[in-house]
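Summary of structural features
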Amino acid sequence: MTLDTTSYKIPVARSAADLREAVAAWRKEGLSIALVPTMGALHEGHLSLVDLARTKADRVVVSIFVNPTQFAPNEDFSAYPRTEAADAARLEGKADLIFAPDAADMYPEGFSTTISLSGVTEPLEGAFRPTHFAGVATVVAKLILRAMPDIAIFGEKDWQQLMVIRRMVADLDIPVEFLGGPIMREADGLAMSSRNAYLSPEERKAAGQLNVILRETAVSVAKGMPISEATAEGSKRILAVGFDKLDYLEIRDAASLAAFPDNKPAGPARILVAAKIGRTRLIDNMPV
Ligand code: PAF
């Protein structure tokens, strides 16, 4: 086994073979394993998922891979923060192994397979980022098949991603327990995100209003306001507080993400938003 044990205090596997060998050794000891897939630039939100993983399994693997296939050519793949040493330091005492493959290991010459889902991938993020979820589903399937964990944990901040992965795991009979961890928020309620680092001080102040408007819109609908009326009002407010572009503000079925034809929730509902401020696109969601 050629784990990198010298760069950081936590060992790093950089290839599928090294990861599998580490996991096999744990399996031999009868230990259970949790996987927390990330793209690095770890913040308290990620660390809360790692802490949750720790309560569910004997060993915790955190993958750090900025997955090129989930970024469209006009998106921030090259600018996405890559902070491996800081990430490793933040994981000390929390994770047992970092899996940090490079793109050539994940997508070797000739790689030709894509997992694409219909339905749940189509609205919301799927309408604005049509290739995004195929990239996510494919990389997550690969990460799970490489680590073969007992449990895989994802954040609720990417709610649609969570529903997409849940669907894929069920459809493909992937033998893993699947769990979502709650959104962690800054003091003003802004959902923690690696992309918050892009915000200027002025943008950061306006960004803090997004969750407030989201919550108030959800409350209006819970109190009986028709969905279209509440979201139209919320949309105006998002632009008024300083966002430059609203991609969507919608209330959808929490699991299928289908729209409610009667303009009012008929079952568990979720409010979801994506809006751009300066060069930063933020997403957030909460239950209605
Ligand atoms: O949520 C993320 O950070 C990524 O989409 C994931 C799940 C690690 C796949 O690249």
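Report follows, based on the coordinates.

Conventions and cut-offs
Residues numbered from 1 in each chain as written. Predicted model: local features only at pLDDT ≥ 70, side-chain atom pairs only at ≥ 80, totals over all residues. Heavy atoms only, no water. Core = buried A, V, L, I, M, F, W, Y, C linked by side-chain atoms within 4.5 Å. Buried < 20%, exposed > 50% of the residue type's maximum accessible area, 1.4 Å probe, protein only. Helix = DSSP H or I, 4+ residues; strand = E, 2+ residues; numbered from the N terminus. Contact = heavy atoms within 4.5 Å. Near = heavy atom within 4 Å. Polar contact = N/O pair within 3.5 Å; in protein donor to acceptor, adjacent residues only side chain to side chain. Areas by Shrake-Rupley, 256 points an atom, 1.4 Å probe, with all protein chains shown as cover. Pairing = 2+ DSSP bridges. Axes fitted to C-alpha atoms, helices over the stretch in contact; angles between N-to-C directions. Parallel < 35°, antiparallel > 145°, perpendicular 65-115°, else oblique. Left-handed = near helix turned anticlockwise from the far one by under 90°. Nonpolar A, V, L, I, M, F, W, Y, C, P; charged D, E, K, R; others polar.

Considering the nonpolar core
Judged by nonpolar contacts, the single largest core of 45 residues is most densely connected at L19, V61, V140, I144, I165 and M168. Residue assignment for this core shows that the elements contributing at least two residues are α1 (16-28), β2 (33-38), β4 (97-99), α6 (132-147), β5 (151-155), α7 (159-171) and β8 (269-277). Non-local contacts of L19, meaning those with residues more than four positions away in its chain, are made with A13, V61, L97, F99, R146 and A147. Counting 24 residues, the second largest nonpolar core, distinct from the first, contains L190, A218, F243 and L282.

Section: the environment of I153
Along the chain, I153 turns up in strand β5. A residue is classified by how much of its surface remains accessible, and I153, at 0% relative accessible area, is buried. For the pair I153 and A269, spaced 116 residues apart in sequence, the C-alpha separation works out to 22 Å.

Brief notes about the site of the ligand
Taken together, P37, T38, M39, N67, Q70, V139, V140, D158 and Q161 make up the full set of residues near the ligand. Q70 is positioned with one of its side-chain polar atoms (N or O) 2.6 Å from an oxygen atom of the ligand. Within the side chain of Q161, an N or O atom sits 2.7 Å from an oxygen atom of the ligand. In isolation the ligand exposes 290 Å². Once the protein is present, 88% of that is buried. Among the elements of the structure, β2 and α6 are those that each provide at least two residues to the shell around the ligand.

Digging into the sheet that holds β4
If you trace the six strands from one edge of the open sheet to the other, you get β1-β4-β3-β2-β5-β6, paired in parallel fashion. A strand with exactly one partner marks an edge of an open sheet, and here the two such strands are β1 (12-13) and β6 (177-181). Sitting on the sheet, α1 touches β1, β2, β3 (59-64) and β4, and the angle it makes with β4 is about 150 degrees.

Side note on the sheet that holds β8
What the three strands build is an open sheet, ordered β7-β8-β9; its pairing is antiparallel. Of all strands in the sheet, those with a lone pairing partner are β7 (245-253) and β9 (280-287), marking the two edges. Mean inter-strand twist for the sheet, computed between neighbouring axes without regard to direction, equals 10 degrees. Relative to β9, β8 runs antiparallel, the two being bridged by eight bridges. Looking at β9, one finds that R270 is bridged to P287. Where helix α10 (residues 227-240) meets the sheet, it contacts β7 and β8, and its direction lies at approximately 150 degrees from that of β7.

Observations regarding unusual backbone geometry
Positioned with a positive phi, A41 is a non-glycine residue whose angle comes to about 50 degrees. Along the chain, A41 falls in the loop between β2 and α2 (44-56). Look at A41 and you get buried, because its relative accessible area is 11%. Of note, the phi angle at N263 is positive, near 65 degrees, even though the residue is not glycine. In this structure N263 comes out as partly exposed when scored by relative accessible area, which is 27%.

Considerations on the packing of helix α9 (residues 209-222) against α10
The interhelical angle for the contact between α9 and α10, taken along N-to-C directions, is 165 degrees, at an axis separation of 9 Å. When the interaxial angle is binned, α9 and α10 end up roughly antiparallel. The crossing of α9 and α10 is right-handed. Residue-level inspection shows L210, I213, E216, T217, S220 and V221 of α9 in contact with α10, the latter providing I227, A230, T231, G234, R237 and I238. Looking at side-chain class alone, the contact of α9 with α10 contains six nonpolar, four polar and two charged residues.

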